[in-house]
Amino acid sequence: MTALIMSELRQRMRGKRWWILLGIWFAVLLGLIVLIRQALVSTSPDHDLEVGVVMFASLALLVLALACLVVPALTATSINGERDRGTLAILQATALRPWEIVAAKFIAALVTTAAFLAATIPIALWAIAEGGVSLGKAAAVYLTLFGVSAVLLAGAMGASAIVRRPALSAVLAYGFVFFLTIGTLILYGITMTTVDYDFDGSPPDYGVRWLVLAPNPFVVLADAAPASPDDQDDDPLAGMRYSIRQARDPQSYQIQSFDPQTGEPIFEEEPEPPPPVWPYGLAIEAGFAAFAFYVATQRLGVPAKKLPRGERIA
Amino acid sequence: MGLVGPNGAGKTTLLLVLAGLLAPDRGGAAVGGCDPLTQPQEVHRIVGWMPDFFGVYDDLTLREYLELFGAMFHLRRDETKTRTAELLELVGLARKADLKVHTLSRGQKQRLGFARALVHRPKVLLLDEPASGLDPRARIDLRDLVRRQADEGACVMVSSHILQELEEMADVIVFVEAGRCTGIYQIGELPTGGGARRWRLRALDLGALQQAAYAVGTTFEVMSDGSIVVELNDERAVADLVTRLVAEGVAPTAIVPEGAGLEGAFLQLGAAER
């Protein structure tokens, strides 16, 4: 299995496409971050804004957004592509078991994804150097990015196992990404139409509707990022985290009154920190990934019982 | 063992079942004492399978390619290395060991695929149309390679629709048609098609050959290139004809049966099916 992983990686590294993609990836991210920094510095010349915090949060969100584009492109044809080239059946005829083939392809793709993430580390270090972001927070965010990418990857690989034609499996892989990112948002919006609002000031009961939003990769990312104690208002990640946790537990953010002098909200009692959402989100995502893995393994099982019409083993 | 049949007869399907890649709709199979249905992994270890159409990993070198498959059959690293060198030598690609696979010609890729099928020293070799697309020279090389494997004790099953090729390679010929076995013959016992066979004769002076044939009183056909074709019942009749032609002063330079024995048998079987 190790040999197959190494060979997958070796082939990827030798292809020009891979390096071009990596170059574009880095250039686009760097360009965007430079622009964002310019915007931040020029709008707040006296530096009351935590430039580093915003830069880092923007980077994390942009990396995830681009990963949503790149990851399916790297993996959506990994299995049916081999079938097309007539190399898959030969793999199936070796002593490797079906799950080992799937796992090898998955791990190779995961390493590739890690390389893409690693390429952004210099930009992250720049943001950290601007201040406001601890190394621990940065590490946690990268870990989350990696985990979420792994889920997207597994989905794309499942698509490449189910669908015979590479073009269609790419569509399916992007469909999965679309479902997680925008689909959950739409679904959440729909469920929100059924909320009953009382006008006596008590917070509405959203029930478990937050679970619909939980597997959204951006929600997971923002929610899993550790809060920096100072200046949360500027951090886009903190803003998202606040929203999702409020959706889960409106009570905990219930403001009783405002201080007449400062305008600051006064909580009747110090609010309990609301429980995090990301473990649920990640668990749901892991469920999708496990399902994709299972399906892919089933599809590679030999001897094949039934073949879809018009399909050949070799 | 040679597997003969027209396109779509089920040769590839049979080989896929034996290679433990496809489950039959009905019935079972046994390969080297293992059941491909219930013990596919064991069967994979016993069987070296070379499909009729296969791809290679273009970006790997020949050596890397073979070593990859050695590792996937769980050979030890040093074992893989020596086996790879051995196989590259065997199929005559040793000089290209460190070139990328995509630089190979079709015939060379075919030989690499053959080496790949041998990497784990299989006891059973399943070769699906191994000679398709090869030039005559490469075909002869392949035939020798296959025979050598058989001599070393491997059970070899070759499918082809090129009949002469199998006649030269196989000890037993199995005819397949429309998913069914229509005949199993030892190579020497192939039906010849009811006795009479056509023989083509050539001589230095084709005109003189035609005259001599006329003189000895056989019925013959003159082909477009001037050679003649005679219908004869057995080899005794051939020897007889040659003696009489020589007596007429014409020495035949070539006496070739038209359509090898297998082809005759094959065509006959096909006709019976229809």
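Per-chain numbering applies: the sequence of each chain, read as written, is numbered from 1 onward. Chains carry letters from A onward and ligands carry numbers from 1 onward, assigned in written order. The model is predicted, so local features are restricted to residues of pLDDT at least 70 and side-chain atom pairs to those at 80 or more, both for listing and for counting; the totals for chains, interfaces and linings are taken over all residues. Excluded from the side-chain calculations are hydrogens and water; all other atoms, namely the structure's heavy atoms, are used.

With that out of the way, let us pick up the packing of helix α2 (residues 16–43) of chain A against helix α7 (residues 121–129) of chain A. Residues and elements named next belong to chain A. Only the contacting stretch of a helix is used when fitting its axis, a line to C-alpha atoms as for every element, and angles between N-to-C directions run 0 to 180 degrees. The numbering of helices and of strands both runs from the N terminus, where a helix is a DSSP run of H or I of at least 4 residues and a strand a run of E of at least 2. At a minimum axis distance of 10 Å, the contact between α2 and α7 shows a crossing angle of 15°. Accordingly, the angle class assigned to the pair α2 and α7 is roughly parallel. Like other packed secondary-structure pairs, α2 and α7 cross with a definite hand, here right-handed. Here F26, L29, L30, I33, V34 and R37 of α2 lie close against α7, whose contacting residues are P122, I123 and W126. Taken together, the residues of the contact of α2 with α7 break down into eight nonpolar, no polar and one charged. When describing relative orientation, an angle under 35 degrees is termed roughly parallel and one over 145 degrees roughly antiparallel, while 65 to 115 degrees is termed roughly perpendicular and anything else oblique. Should the near helix be turned counterclockwise from the far one by less than a right angle, the crossing is left-handed, whereas a clockwise turn marks it as right-handed. Note on contacts: a residue pair qualifies if any of its non-hydrogen atoms lie within 4.5 Å across the two residues. Basically, the charged four are Asp, Glu, Lys and Arg, the nonpolar ten are Ala, Val, Leu, Ile, Met, Phe, Trp, Tyr, Cys and Pro, and anything else, Gly included, counts as polar.

Moving on to the sheet that holds strand β9 (residues 228–232) of chain B. All names here are of chain B. By the convention used here, strands pair only if DSSP detects at least 2 bridges between them. If you walk across this open sheet you meet the four strands as β8-β9-β7-β10, and the pairing is antiparallel. Of all strands in the sheet, those with a lone pairing partner are β8 (220–222) and β10 (252–257), marking the two edges. Pairwise comparison of adjacent strand axes, ignoring direction, gives a mean angle of 25° for this sheet. The pairing of strand β7 (residues 197–203) with β10 spans five bridges and is classified as antiparallel. From the neighbouring strand, R200 faces β10, where its bridge partner is V256. In this fold helix α8 (residues 206–216) packs onto β7, β8 and β9, with an angle of close to 130° to the strand it touches most, β7. Together, β7, β9 and β10 form the strand contacts of helix α9 (residues 235–247), whose direction differs from that of β10 by roughly 160°.

pLDDT expresses, on a scale from 0 to 100, how confident the predictor is about each individual residue. For chain B, the mean per-residue pLDDT works out to 85, and 92% of the residues sit at or above 70. In the model output, the complex is listed with pTM 0.83 alongside ipTM 0.81.

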